[in-house]
Amino acid sequence: MTTRIVVAGSTGWVGRELVKAIAAAPDLALAGAVSRKAAGVDAGVAAGIAALGLTVVATVEEALTAPSDVVIDYTHPGSVKAHALAALGAGRRVVVGTSGLTADDYAEIDAAATAAGVGAFAAGNYSVTAALLLRFALEAARHVADVEVIDYAYEGKPDAPSGTARELAEKLADARRPGTQKPLDAVRGPREAYGAEIGGTRVHSVRLPGFVLSAEALFGAPGERLTIRHDAGSSAAPYVGGTLLAARKVGGWTGLRRGMDGLLG
């Protein structure tokens, strides 16, 4: 059975590679492509391959007028929730690739997916090694109570922390024991220097040229430390496989599921 996919953000860094991969996959079909800057152009040509006979449209709402099964969103933190809710309202399954959403945003998407009787999936990072960072960090948190998350990305990344770091911090809240660190209001100096608290875990974001995306969980115990780190390269390839795995599996449940570690078996 062929899964018909709409890619929102089809000319972006990941979106272009998704269009190429969907066009080459025997079990997938590109049912829609959304990009304001490429509206009116053939989706294949806009992605740098041969014409696919499908025209890029400017909005998700336009794409939803044609039949499809799954909407994958790699657009912008300010747009992704509205896109997801529109797609769910139209009975489409959703894979959220854009980072920057909060726990409340995800709760709203979960409620909409449940009400529509369809599945939704979101991950802070769709690469396998990022999923392994999360899995290994959760195991470490069961044994070492004190942990902080450091998030590195390029200087122009619009959200801080990254979706990878936010997801890691939120999941650590369910696995870790109470640590020994002082609360933020008990330390001297600018509170920002100690990071932001997400799910009870301190998260520090670094934005500098030379980084693509890195995240590390830094654990401390008396006399020893443990660092678990993921570093992304310059290619979007690691995210394509995970995103399409989610698109293939998202029809297997109702409501929102989060985290690539849950798809790895």
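Residues numbered from 1 in each chain as written. Predicted model: local features only at pLDDT ≥ 70, side-chain atom pairs only at ≥ 80, totals over all residues. Heavy atoms only, no water.

S.K.: For this particular structure, what's the right way to read the sheet that holds strand E1 (residues 3-8)?
M.R.: Here 6 strands make up an open sheet; going across it, the order is E2-E1-E3-E4-E5-E11 and the pairing parallel. In this open sheet, the two edge strands, each paired with only one partner strand, are strand E2 (28-34) and strand E11 (255-258). Across this sheet, the average inter-strand angle for adjacent strands is 20°, counted without regard to direction. Direction of pairing for E1 relative to E2: parallel, over a ladder of 6 bridges. What sits directly across from arginine 4, in E2, is alanine 29. (Pairing = 2+ DSSP bridges. Helix = DSSP H or I, 4+ residues; strand = E, 2+ residues; numbered from the N terminus. Axes fitted to C-alpha atoms, helices over the stretch in contact; angles between N-to-C directions.)

S.K.: Even after reading the chapter, I still don't get the UniProt feature "domain: Dihydrodipicolinate reductase N-terminal" (unreviewed entry) in the protein chain, so can you show me in this structure?
M.R.: With numbering aligned to this structure, UniProt lists the feature "domain: Dihydrodipicolinate reductase N-terminal" (unreviewed entry) at residues 4-126. Taken end to end, residues 4-126 has its terminal C-alpha atoms 20 Å apart, with 37% of it in helix and 20% in strand. (UniProt positions renumbered as here; feature names shortened; annotations may be inferred.)

S.K.: Hey, could you run me through the side chain of glutamate 170 in this one?
M.R.: Tracing the backbone shows glutamate 170 in helix H7 (residues 163-175). Engagement of the side chain of glutamate 170 in a polar contact is seen with the side chain of arginine 258, the distance being 3.0 Å. Sequence-distant contacts of glutamate 170, that is, excluding residues within four places in its chain, are made with Ala103, Ile198 and Arg258. (Polar contact = N/O pair within 3.5 Å; in protein donor to acceptor, adjacent residues only side chain to side chain. Contact = heavy atoms within 4.5 Å.)

S.K.: Explain the UniProt feature "domain: Dihydrodipicolinate reductase C-terminal" (unreviewed entry) in the protein chain here, please?
M.R.: Here, the residues flagged by UniProt with the feature "domain: Dihydrodipicolinate reductase C-terminal" (unreviewed entry) are residues 131-255. In the segment residues 131-255, helix accounts for 30% and strand for 29%; the C-alpha atoms at its two ends are 21 Å apart.

S.K.: Explain the environment of histidine 143 here, please?
M.R.: As for its placement among the helices and strands, histidine 143 is situated in the loop between helix H6 (128-141) and strand E6 (146-153). What makes histidine 143 exposed here is its relative accessible area of 56%. Spatially, the C-alpha atoms of histidine 143 and alanine 221 are 9.7 Å apart, while their sequence positions differ by 78 residues. (Buried < 20%, exposed > 50% of the residue type's maximum accessible area, 1.4 Å probe, protein only.)

S.K.: Before we go on, may I ask you to explain the pairing of strand E5 (residues 119-122) in this structure?
M.R.: Strand residues, when the strand is regular, have side chains that alternate between the two faces of the sheet. Side chains of E5 alternate between two faces, with Gly119 and Phe121 and Ala120 and Ala122 buried alike. Sheet analysis places strand E4 (residues 93-96) next to E5, joined by 3 bridges and oriented parallel. Its bridge partner lying in E5, valine 96 is registered against alanine 122. With respect to chirality, the unit in which E4 leads through helix H5 (residues 103-116) into the neighbouring parallel E5 is right-handed. One ladder, built from 4 bridges, connects E5 with E11; its direction is parallel. Bridging from a neighbouring strand, alanine 120 pairs with leucine 256 of E11. (Right-handed = clockwise from strand over helix to strand, strands pointing away.)

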